[in-house]
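# Coordinates in review
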Amino acid sequence: MTNGKDPALRWRELAELVEDARRRYYVSDAATLSDIEYDRLYRELEELEAAHPELISADSPTQQVGGERSEMFEPVEHLQRMLSLDNAFSLDELDAWAARIEKDLGSSPPMLCELKVDGLAVDIVYENGRLRSLATRGDGRTGEDVTYNVRFLPSIPRTLTPAPGHPVPDLVEVRGEMYFQLADFDALNDEMLALGRTPFANARNAGAGTLRQRVDRREDELASALERGSTSIDRLQLDLDRAVRRLELLKLVVHGIGVWNGHAPTSQAEAYEALRGWGLPTSDRARVVASTREVHEFIGYFGEHRHDVEHEIDGVVVKIDNLATQDRLGSTSRAPRWAIAYKYPPEVVRTRLLNIEVNVGRTGRVTPFAVLEPVKVAGSTVSMATLHNEQEVRRKGVLIGDLVFLRKAGDVIPEVLGPVVEERDGTERAFVMPTLCPSCGTTLAPAKESDVDIRCPNQRSCPSQLRERVFHLASRGALDIEGLGFKAAVALLDDGVISDEGDVLGLSAENLRGSAFFTRDGGEAERPLTANAEKLLVELEAAKSRPLWRVIVALSIRHVGPTAAQALAREFGDLDRISAASVEELSSVDGVGSIIAEAVLDWFSVDWHRAVVEKWRLAGVRLAQERVAAGPRPLDGVTVVITGTIEGWSRDDATLAVQEAGGKVSGSVSKKTDFVVVGENAGSKLDKAIALERPVLDASGFVVLLEHGPDAARAVATIGTP
Ligand code: IVH
């Protein structure tokens, strides 16, 4: 554990690291370690102390609660100590906690599960129903007085109103979390970037940074600047406005009680009822449960729906519900024994930006992307993240060599949030967008002067673009050719088996033998094909009679995705008719605007594009379909929302199936939604469907809808129940 080091030395090292991280975290609001790094060090320290109790001293970080006070603020003594929470990083650890309690009590008590809000802990004291003080946690005994900010915090009531059965005590101390809603948090970080500052790694730091702004001092400064007619008035005014605007966005959720003078509640749930009755914001997601199985379910549900909650959560807090039982179990010097925080994996981590490279896409667009020191975040290892375009790199203010914050929220693509400016050592360098294509050396330029993106104009033979186009034509949204993935596309091009996408559909066994990727070592003169290559040949044959719209998508015409391709196929029914159509004819099609019409016309005006079509025609690709434009389709005018994982369907395929039948797929449930198709792990959309009483279909109901239409589907749908 001490890596062969003297335990006392390692203890000092760890204590200093943890202490330093804490000071920065609590005092300067700038985290220097990710939560996971901090937790790891803290745990090592705890384990070391358990093995060598002689090392524990009063000033060990394990003996402190929370952070330290910053000197800039007036101290406030909390009426009752604000404790922290012990953490469980696995369900096993959580169960061990519950088992200990059950053993202590001789029975398993009801537990209250609620979300662990990623925010800033505050302590609010009301005396005779009027707010007396608002303070941060500080070291748990003494916090910082931020009462002067209350007038800018609409979520904190200045007075409490008595509720039926819950008179307001003459003195009550409530605890809660101040937080930002996700959208506000993102906007705040954009503002930080624009100011050239380190973005907030999490909502807690943002909350601390915001609540601890000395708005009162800024007002004084501004007032005296106005008196003096100082030149800094504008800057001070701006600064004050920004501080106030940020404060106004802070929200409160109450999750605990300190001192309570008067008729006390018997349970945590009842306490919440009283607090809610008095006008304090409580969470409506708290649940009282009877077993650890239900606790697991709660944790599992919000693990899946973490991003359906309007604020950041970093876990679930489980509390013994009965307050007398809480008292009986008591607390250690740091945390109560009657509560535990189950932590979800972190979604923001810090890592090194090793380089910024550029990628040349299918349509020639040149996109910078971050090459990162590989780091585990939200369950997967990330080593690359797109940076979109040069402006975005500037906006984020990241330099090559920077330590950066990286966010990967669930299945959302990883995003570099911004640099940790404080950690720069001067060796970092700015990214310079290349002027030549890294793939083919052609001079890069924007397609139009006004474009943000720059492109490689060598569309026909730039190896990067070619590769991406071949890969795209085989993708599931286009000709759906299994066995033609990225590696196969690279092999076909690099080994000279194809010269462009025109050659793909006509590939023969003989052609594939020209690439080692598709052949096995047979020792004979005729090299045998791999099983994958054999399969590819079968797939290619099948691809030749795919619906026309898939062929159109496969051509890689700018702006033409499945929706526009379906509209074109439906209206014209024949690729030759599309290529001969005028801009007016094209843009008169429902779902095809003038931008798409121009793009189609441009595409067909290029010789080698038409040559691709001819090669496909020669290979036997079906370029026409029976016209269906005239007849109505089964799902014309029907709007469907799809949520969760539908068994047997990918999201793309389910969407396409609805669209092919004439229906519309929408992202949100409203009164206008005709059907909500629900799979595994459906989220808030299902709740909304139930609330709005929309017909809900499962996977088999979905098939009924596609095959037999809306009337038949209505007969098998459920309404108002999941
Ligand atoms: S109860 C004595 N409930 O997490 C127990 N805390 O990591 C007091 N937090 O200091 C805490 N959401 O600031 C509780 N639903 C919740 C919470 C919550 C967030 C914070 C709280 C606490 C910290 C511990």
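Everything quoted here is computed from the prediction, not taken from an experiment.

Taken as a whole and judged by the stated rule, the model has 40 salt bridges. Residue arginine 617 pairs with glutamate 614 through a salt bridge whose shortest N-O separation is 3.0 Å. With a gap of three residues between them, arginine 617 and glutamate 614 both fall in helix H21 (residues 607-619), about one helical turn apart. Taking the relative accessible area as the measure of exposure, glutamate 614 reaches 41% and is therefore partly exposed. Between arginine 714 and aspartate 711 there is a salt bridge, with the nearest N and O atoms lying 3.1 Å from each other.

Let's shift gears to the sheet that holds strand S5 (residues 130-136). In spatial order, the strands read S5-S4-S7-S8; together these four strands make up an open sheet with antiparallel pairing. Two strands bound the open sheet, and with one partner strand each, they are S5 and strand S8 (251-261). For this sheet, the mean inter-axis angle between neighbouring strands, taken without regard to orientation, is 25°. When strand S7 (residues 171-179) meets S8, the two strands line up antiparallel, connected through eight bridges. Paired with glutamate 177 across the strands is valine 253, a residue of S8. In the packing of helix H8 (residues 268-277) onto the sheet, the strands contacted are S7 and S8, and the crossing angle to S8 comes to about 110°.

What follows covers the pairing of strand S20 (residues 675-678). A two-sided burial pattern is seen for S20, the buried positions comprising Phe675 and Val677 on one face and Val676 and Val678 on the other. Alignment of strand S18 (residues 639-643) against S20, held across four bridges, turns out to be parallel. Note that in S20 the partner of isoleucine 642 across the bridge is valine 677. By the bridge criterion, two bridges tie S20 to strand S21 (residues 695-697) in an arrangement that is parallel. Its bridge partner being in S21, valine 676 is matched across the sheet by valine 696.

Let's shift gears to the site of the ligand. Neighbouring residues of the ligand: 14 residues in total, closest Glu114, Leu115, Lys116, Arg137 and Glu177. For the ligand, an oxygen atom lies 2.9 Å from a polar atom in the side chain of lysine 116. Summarising the interface, the protein chains cover 86% of the accessible area of the ligand, which totals 520 Å² for the free molecule. Where the shell around the ligand is concerned, the elements lending two or more residues are strand S3 (111-117) and strand S10 (313-320). Take the shell around the ligand: its biggest share by element is four residues, from S3. Across the shell around the ligand, the residue classes break down as seven nonpolar, two polar and five charged.

Across its 13 residues, helix H9 (residues 292-304) extends 18 Å between first and last C-alpha, which sits within 8% of the 18 Å expected from 1.5 Å per residue. Of the residues making up H9, those classed as buried are Val295, Phe298, Ile299 and Phe302. Along the axis of H9, the buried positions cluster into a sector of 95°, meaning they face one direction only. Close packing links the buried residues of H9 with helix H3 (91-105), S3, strand S9 (287-289), S10 and strand S11 (339-343).

In this section: the packing of aromatic side chains. Applying the stated criterion across every chain, the model contains eight aromatic pairs. Ring centres of phenylalanine 298 and phenylalanine 302 lie 5.0 Å apart, and the angle between their planes is 50°; this geometry places the pair in the tilted category. With phenylalanine 298 and phenylalanine 302 both in helix H9 and four residues apart, this pair spans about one turn of that helix. Judged on exposure class, the residue phenylalanine 298 and its partner phenylalanine 302 are both buried. Of the aromatic side chains, those joined through ring pairs into one cluster are Phe298, Tyr301 and Phe302.

Quick look at the environment of glutamate 428 now. Inspection of the secondary structure assignment puts glutamate 428 in the loop between strand S16 (415-419) and strand S17 (454-455). Relative accessible area serves as the criterion here: at 13%, glutamate 428 is assigned to the buried category. Linking glutamate 428 and leucine 354, residues 74 residues apart in sequence, is a C-alpha distance of 9.9 Å. Residue contacts for glutamate 428: discarding those within four places in its chain leaves Leu399, Ile400, Gly401, Asp402 and Glu423.

It is worth spelling out the environment of asparagine 261 at this point. Secondary-structure assignment places asparagine 261 in strand S8. For the pair asparagine 261 and glutamate 93, spaced 168 residues apart in sequence, the C-alpha to C-alpha distance is 36 Å. Non-local contacts of asparagine 261, meaning those with residues more than four positions away in its chain, are made with Pro169, Asp170 and Leu171.

What follows is about the packing of helix H12 (residues 463-473) against helix H13 (residues 486-494). Relative to each other, H12 and H13 sit at 130°, their axes nearing to 9 Å. Considering their axes alone, H12 and H13 lie oblique with respect to each other. Where H12 crosses over H13, the handedness of that crossing is right-handed. Across the interface between the two elements, Leu466, Arg467, Glu468, Val470 and Phe471 of H12 pack against Phe486, Ala489, Val490 and Leu493 of H13. Of the residues in the contact of H12 with H13, the class split is seven nonpolar, no polar and two charged.

For the rest of this paragraph, the subject is helix H5 (residues 203-211). Burial analysis of H5 places nine of its nine residues in the buried class, the great majority of the element. Buried residues of H5: Ala203, Arg204, Asn205, Ala206, Gly207, Ala208, Gly209, Thr210 and Leu211, and no others.

Throughout the structure, instances matching the rule amount to zero disulfides. No disulfide involves cysteine 440; its sulfur sits 3.6 Å from the nearest other cysteine sulfur, which is in cysteine 456.

Chain-level statistics for the protein give a pLDDT mean of 89 and a share of 94% at 70 or above. In this model, residues 65-71 is a region of pLDDT below 50 whose contacts with residues beyond four sequence positions or in other chains number 29 contacts.

With respect to the helices and strands, proline 446 occurs in the loop between S16 and S17. A residue is classified by how much of its surface remains accessible, and proline 446, at 34% relative accessible area, is partly exposed. With 48 residues separating them along the chain, proline 446 and valine 398 place their C-alpha atoms 23 Å apart. Among residues more than four places away in sequence, those in contact with proline 446 are Asp451, Asp453, Ile454 and Arg455.

Turning our attention to the packing of H3 against H9. A pair of packed helices is captured by two measures, namely the crossing angle of their axes and the spacing between those axes. Interaxial distance between H3 and H9 falls to 11 Å at its minimum, and their mutual angle equals 145°. H9 is crossed by H3, and the crossing has right-handed handedness. Contact residues: H3 offers Leu91, Leu94, Asp95 and Ala98, while H9 offers Thr292, Val295, His296 and Ile299. Of the residues belonging to the contact of H3 with H9, the class tally is five nonpolar, two polar and one charged.

Parameters and conventions
- Residues numbered from 1 in each chain as written.
- Predicted model: local features only at pLDDT ≥ 70, side-chain atom pairs only at ≥ 80, totals over all residues.
- Heavy atoms only, no water.
- Salt bridge = Lys/Arg side-chain N within 4 Å of Asp/Glu carboxyl O.
- Helix = DSSP H or I, 4+ residues; strand = E, 2+ residues; numbered from the N terminus.
- Buried < 20%, exposed > 50% of the residue type's maximum accessible area, 1.4 Å probe, protein only.
- Pairing = 2+ DSSP bridges.
- Axes fitted to C-alpha atoms, helices over the stretch in contact; angles between N-to-C directions.
- Contact = heavy atoms within 4.5 Å.
- Near = heavy atom within 4 Å.
- Polar contact = N/O pair within 3.5 Å; in protein donor to acceptor, adjacent residues only side chain to side chain.
- Areas by Shrake-Rupley, 256 points an atom, 1.4 Å probe, with all protein chains shown as cover.
- Nonpolar A, V, L, I, M, F, W, Y, C, P; charged D, E, K, R; others polar.
- Expected span 1.5 Å × (residues − 1).
- Arc of directions from axis to C-beta.
- Phe/Tyr/Trp six-rings, centres within 6.5 Å; stacked < 30°, edge-to-face > 60°.
- Parallel < 35°, antiparallel > 145°, perpendicular 65-115°, else oblique.
- Left-handed = near helix turned anticlockwise from the far one by under 90°.
- Disulfide = S-S within 2.5 Å.
- pLDDT = per-residue confidence, 0-100.

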